Amino acid sequence: MIGLNRSILSHRLRSHRLALLTGLVLILSGVAAETNAQPLSVRVDRWLELRNISGTVDFLQSGQWSRAQVGQRLDAVGDGVRTGAGSLARLAVDTEVGFVSVSENSSLRITEFYTTPRGGKVTELDVTRGQARVFVRPFTNPDSSLEIRTPAGVNGVRGTNFGIAIQPSGRSSLVVEEGRVVSAAQGVSVPVNAGFQNFTIPGEPPSDPVPITEDPRLSILRLERQRRDGVSVAVLEGSTPPVNLLVIGDETQEIDSDGNFILELPLPAGRRIEATVVTPLGTTQVYELVVP
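Residues numbered from 1 in each chain as written. Predicted model: local features only at pLDDT ≥ 70, side-chain atom pairs only at ≥ 80, totals over all residues. Heavy atoms only, no water.

**Student:** I tried to follow the nonpolar core on my own but got confused; where do I start?
**Tutor:** A general feature of soluble globular proteins is that nonpolar side chains tend to end up buried together. Judged by nonpolar contacts, the single largest core of 32 residues is most densely connected at Leu-48, Leu-74, Leu-108, Leu-125 and Phe-162. At five residues, the largest contribution of residues to this core is made by strand S9 (residues 121-136). When neighbours within four sequence positions are excluded, Leu-48 is seen to be in contact with Gln-72, Arg-73, Leu-74, Leu-91, Ala-92, Val-93, Ile-110, Phe-113 and Leu-125. (Core = buried A, V, L, I, M, F, W, Y, C linked by side-chain atoms within 4.5 Å. Buried < 20%, exposed > 50% of the residue type's maximum accessible area, 1.4 Å probe, protein only. Helix = DSSP H or I, 4+ residues; strand = E, 2+ residues; numbered from the N terminus. Contact = heavy atoms within 4.5 Å.)

Listed below in structure tokens is the structure:
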């Protein structure tokens, strides 16, 4: 009788052990599935610090805009900066890994900002309009990455010197001066090496790279005064390399994929129009145009 009870007790203990092990396996499997679904992050101070500002620069933090000041830090997803006409901002990336320069009429926000368990720094910035220049030294940690998102696609880097420019339509131009950038959109990735440039139109894959032009030239084909409903306007027709931005007054004007444009503008006092050409690398040329 005693031997029978011991046998039953031993069987019950084995059953309880099996149930405990099965539960532990299920728990660990759930943790593994959750880990695979979302990358783990470590709470480490991350920031982008405003080192230089010029003109009108606004600072976004906790959903509130305010006038920017040197030394302020963007340190959370959603934080950002925007610049007005004739303005610029220069931000330092934490640990001095690099800098991001934002030119006039531009907007930048943080969309990803965390540190991986192995110490990698993951940074994703959204540039919705304007021009930005990025200087980033090569990453030593394989988990580190920096991506610049535009309305047309994503530009991923691990150490390089490049610039982007975004038309009002969302078409984005990429120019790589040093290193390598992978331009991706619509499931297609295109490597762009040093000395090359390409562009991406929203809804289309990136174009093939071509050699850098870096030319702020503005060619005027027609500049004349006309009447529209009894109001005098200036008609401006011309071209600039298609990767460039054309800024007149406080607004960036749309140019087509060949760099051509035809604009009707209010006739300014003195009949003088100031046109600014900005390349993706930030080279700026100002033109004073006089309407006949």
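**Student:** Explain the environment of Glu-124 here, please?
**Tutor:** Within the secondary structure layout, Glu-124 lies in strand S9. Glu-124 sits in the buried class, given a relative accessible area of 12%. Spatially, the C-alpha atom of Glu-124 lies 4.7 Å from that of Glu-112, the residues being twelve residues apart in sequence. Sequence-distant contacts of Glu-124, defined by excluding residues within four places in its chain, comprise Arg-109, Ile-110, Thr-111, Glu-112, Glu-147 and Arg-149. A polar contact of 2.7 Å, which involves the side chain of Glu-124, links it to the side chain of Thr-111. At a separation of 3.0 Å, a polar atom in the side chain of Glu-124 contacts the side chain of Arg-149. (Polar contact = N/O pair within 3.5 Å; in protein donor to acceptor, adjacent residues only side chain to side chain.)

**Student:** Got a minute to help me understand the pairing of strand S2 (residues 57-61) in this structure?
**Tutor:** Each regular strand displays side chains that alternate between the two surfaces of the sheet. Of all five residues in S2, four are buried; the element is thus mostly enclosed. For S2 and strand S5 (residues 80-83), the ladder comprises four bridges, and the chain directions are antiparallel. When the bridges of S5 are listed, Asp-58 appears paired with Arg-82. Strand direction decides the pairing type here: S2 and strand S3 (residues 64-67), joined by four bridges, are antiparallel. Counterpart to Phe-59 in the pairing with S3 is Ser-66. Between the end of S2 and the start of S3, which pair antiparallel, lie two residues, with Ser-62 showing a positive phi angle near 55°. (Pairing = 2+ DSSP bridges.)

**Student:** Can you walk me through the sheet that holds strand S22 (residues 284-290) in this structure?
**Tutor:** Two modes of strand pairing occur in sheets, parallel and antiparallel, and in both the strands are linked by backbone hydrogen bonds. Taken together, four strands build an open sheet; the order of strands is S19-S18-S21-S22 and the sheet is antiparallel. If you trace the sheet from one side to the other, it starts and ends with strand S19 (251-253) and S22, each paired once. Mean inter-strand twist for the sheet, computed between neighbouring axes without regard to direction, equals 30°. Where strand S21 (residues 272-278) and S22 come together, seven bridges link them in antiparallel fashion. Residue Val-277 lies in a different strand from S22, and its bridge partner there is Gln-285. (Axes fitted to C-alpha atoms, helices over the stretch in contact; angles between N-to-C directions.)

**Student:** For this particular structure, what's the right way to read the pattern of salt bridges?
**Tutor:** Close approach of charged atoms lets side chains of opposite charge pair. Tallied over the full model, the rule gives twelve salt bridges. The partner of Asp-58 in a salt bridge is Arg-67, and the shortest N-O contact between them spans 3.2 Å. Each of the salt bridges in this network shares a partner with another, and the network as a whole consists of Glu-49, Arg-51 and Arg-73. (Salt bridge = Lys/Arg side-chain N within 4 Å of Asp/Glu carboxyl O.)

**Student:** Quick question: what am I supposed to make of the pairing of strand S7 (residues 98-102) here?
**Tutor:** Within S7, four of the five residues are buried, which leaves the element mostly enclosed by the surrounding structure. Where strand S6 (residues 88-93) and S7 come together, five bridges link them in antiparallel fashion. Residue pairing for S7: Ala-92 is matched across the bridge by Phe-99. In the sheet, S7 pairs with S9 via five bridges, with the strands oriented antiparallel. Among the inter-strand pairings, Ser-101 is bridged to a residue of S9, identified as Arg-133.

**Student:** Would you mind showing me how to read the sheet that holds strand S20 (residues 260-266) here?
**Tutor:** Read from one edge to the other, the open sheet built from three strands follows the order S16-S17-S20, with strand pairing classed as antiparallel. In this open sheet, the two edge strands, each paired with only one partner strand, are strand S16 (219-228) and S20. The mean inter-strand angle of the sheet, taken between neighbouring strand axes irrespective of direction, is 20°. As paired strands, strand S17 (residues 231-239) and S20 are joined by seven bridges and run antiparallel to one another. The residue bridging Ser-239 from the neighbouring strand is Asn-260, located in S20.

**Student:** It is not clear to me how the packing of aromatic side chains should be interpreted in this structure. Could you clarify?
**Tutor:** Each aromatic ring pair is summarised here by two numbers: the centre-to-centre distance and the angle between the ring planes. The tally for this structure, following the rule as stated, stands at zero aromatic pairs. For the cation-ring pair, Arg-90 lies above Phe-99, with the distance from its terminal atom to the ring centre recorded as 4.2 Å. The ring of Phe-199 has Arg-171 lying over it, and the distance from NZ or CZ to the ring centre is 6.0 Å. (Phe/Tyr/Trp six-rings, centres within 6.5 Å; stacked < 30°, edge-to-face > 60°. Lys NZ or Arg CZ within 6 Å of the ring centre and 35° of its normal.)

**Student:** Please clarify how the environment of Ser-207 should be interpreted in this entry.
**Tutor:** In this fold, Ser-207 is placed in the loop between strand S14 (196-200) and strand S15 (210-211). Relative accessible area serves as the criterion here: at 17%, Ser-207 is assigned to the buried category. Placed 23 residues apart in sequence, Ser-207 and Ala-184 show a C-alpha to C-alpha distance of 9.9 Å. With residues near it in sequence (within four places) discarded, Ser-207 still touches Val-190, Asn-198 and Phe-199.

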